[in-house]
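Residues per chain are reported as follows:
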Amino acid sequence: MAEKTGRMGQLVRNLGGQLKDALSGAFRFQDDEVDAPRTAIIGLVARKAIAELVNQAKKHPQRGDLASANPAYVALSELSENHGLPGLALGLRFETGEISFLDMSLDPETANKKGGAFVDRPTNRMLWRQLKKLVAIKVDRTMLGPTKPIRSPEDNLTLDEGEES
């Protein structure tokens, strides 16, 4: 009797596996993406870097810094260079309570005419998207790739002995 239940369990597992393969093939849920764990880690590190920048921007406006260890500050600096806004910073908009981009290099007269130093909504959205992409690229570039396994000194001795004989 135990043999029949074992065979039945094996049959169910085989059929379940075949069904899973057929459905994943039909819906293209295959695990062909090799970089999925790396992509997840890059996303996590990038979100944490941006969160640190936003938390600091709540206190006072934050400008980019190329020498910073935080990739969000480096990306903000590159973003200001790419758009030709040397005074680009992140700051708290007190009227709405949101973190937004502002141009700190505007003279007071221009800022008053424009309604403040903050950029308009479409530009703000575009800058946020570009900042997120740049931070992810910075994190990806600074992450180390796979390294060779570390061998103990005993392993190296056995290799040297094997070469002599």
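Residues numbered from 1 in each chain as written. Predicted model: local features only at pLDDT ≥ 70, side-chain atom pairs only at ≥ 80, totals over all residues. Heavy atoms only, no water.

## Observations concerning the packing of helix H2 (residues 36–59) against helix H5 (residues 121–142)
Phase 1 of the analysis: At a minimum axis separation of 9 Å, H2 and H5 run at an interaxial angle of 125 degrees. By the angle between their axes, H2 is oblique relative to H5. H2 and H5 meet at a crossing whose hand is right-handed. Each of Arg38, Ile42, Val45, Ala46, Ala49, Ile50, Leu53 and Val54 in H2 lies in contact with H5, whose residues at this interface are Trp128, Leu131, Lys132, Val135, Ala136, Val139 and Asp140.
Phase 2 of the analysis: When grouped by side-chain class, the residues that make up the contact of H2 with H5 number twelve nonpolar, no polar and three charged. (Axes fitted to C-alpha atoms, helices over the stretch in contact; angles between N-to-C directions. Helix = DSSP H or I, 4+ residues; strand = E, 2+ residues; numbered from the N terminus. Parallel < 35°, antiparallel > 145°, perpendicular 65-115°, else oblique. Left-handed = near helix turned anticlockwise from the far one by under 90°. Contact = heavy atoms within 4.5 Å. Nonpolar A, V, L, I, M, F, W, Y, C, P; charged D, E, K, R; others polar.)

## Overview of the pairing of strand S2 (residues 88–93)
Phase 1 of the analysis: With respect to burial, S2 is a largely interior element, five of its six residues being buried.
Phase 2 of the analysis: Looking at chain direction, S2 and strand S3 (residues 98–103) are connected through six bridges and run antiparallel. Bridge pairing links Leu90 to Phe101 in S3.
Phase 3 of the analysis: Connecting S2 to the next strand, S3, in antiparallel fashion are four residues, including Gly97 with a positive phi near 80 degrees. (Buried < 20%, exposed > 50% of the residue type's maximum accessible area, 1.4 Å probe, protein only. Pairing = 2+ DSSP bridges.)

## Let's talk about H5
Phase 1 of the analysis: For H5, built from 22 residues, the straight-helix expectation of 32 Å at 1.5 Å per residue is met to within 8% by its first-to-last C-alpha distance of 32 Å.
Phase 2 of the analysis: In this structure, the buried residues of H5 make contact with H2, helix H3 (71–82), S2 and S3. (Expected span 1.5 Å × (residues − 1).)

## Section: the pattern of salt bridges
Phase 1 of the analysis: According to the stated counting rule, one finds three salt bridges in the structure shown.
Phase 2 of the analysis: One salt bridge in this structure joins Lys138 and Glu78, with 2.5 Å as the shortest N-O distance. A residue pair is termed long-range when its members are at least 10 positions apart, and Lys138 in helix H5 and Glu78 in helix H3 qualify at 60 residues.
Phase 3 of the analysis: For Glu78, a relative accessible area of 22% translates into the label partly exposed.
Phase 4 of the analysis: Glu98 serves as the salt-bridge partner of Arg121, at 3.7 Å between the closest nitrogen and oxygen. Of this pair, Arg121 sits in helix H5 while Glu98 sits in strand S3, and the two are 23 residues apart along the sequence. (Salt bridge = Lys/Arg side-chain N within 4 Å of Asp/Glu carboxyl O.)

## Observations concerning H3
Phase 1 of the analysis: With twelve residues, H3 should reach 16 Å at 1.5 Å per residue; the first-to-last C-alpha distance of 16 Å fits that figure.
Phase 2 of the analysis: Among the twelve residues in H3, nine count as buried, and that is most of the element.
Phase 3 of the analysis: Taken as a whole, H3 has its buried residues at Pro71, Ala72, Tyr73, Val74, Ala75, Leu76, Ser77, Leu79 and Ser80.
Phase 4 of the analysis: Considering only its buried residues, H3 is in contact with H2, strand S1 (62–63), S2, S3 and H5.
Phase 5 of the analysis: Just past H3, the residue Gly84 takes up positive phi, approximately 70 degrees.

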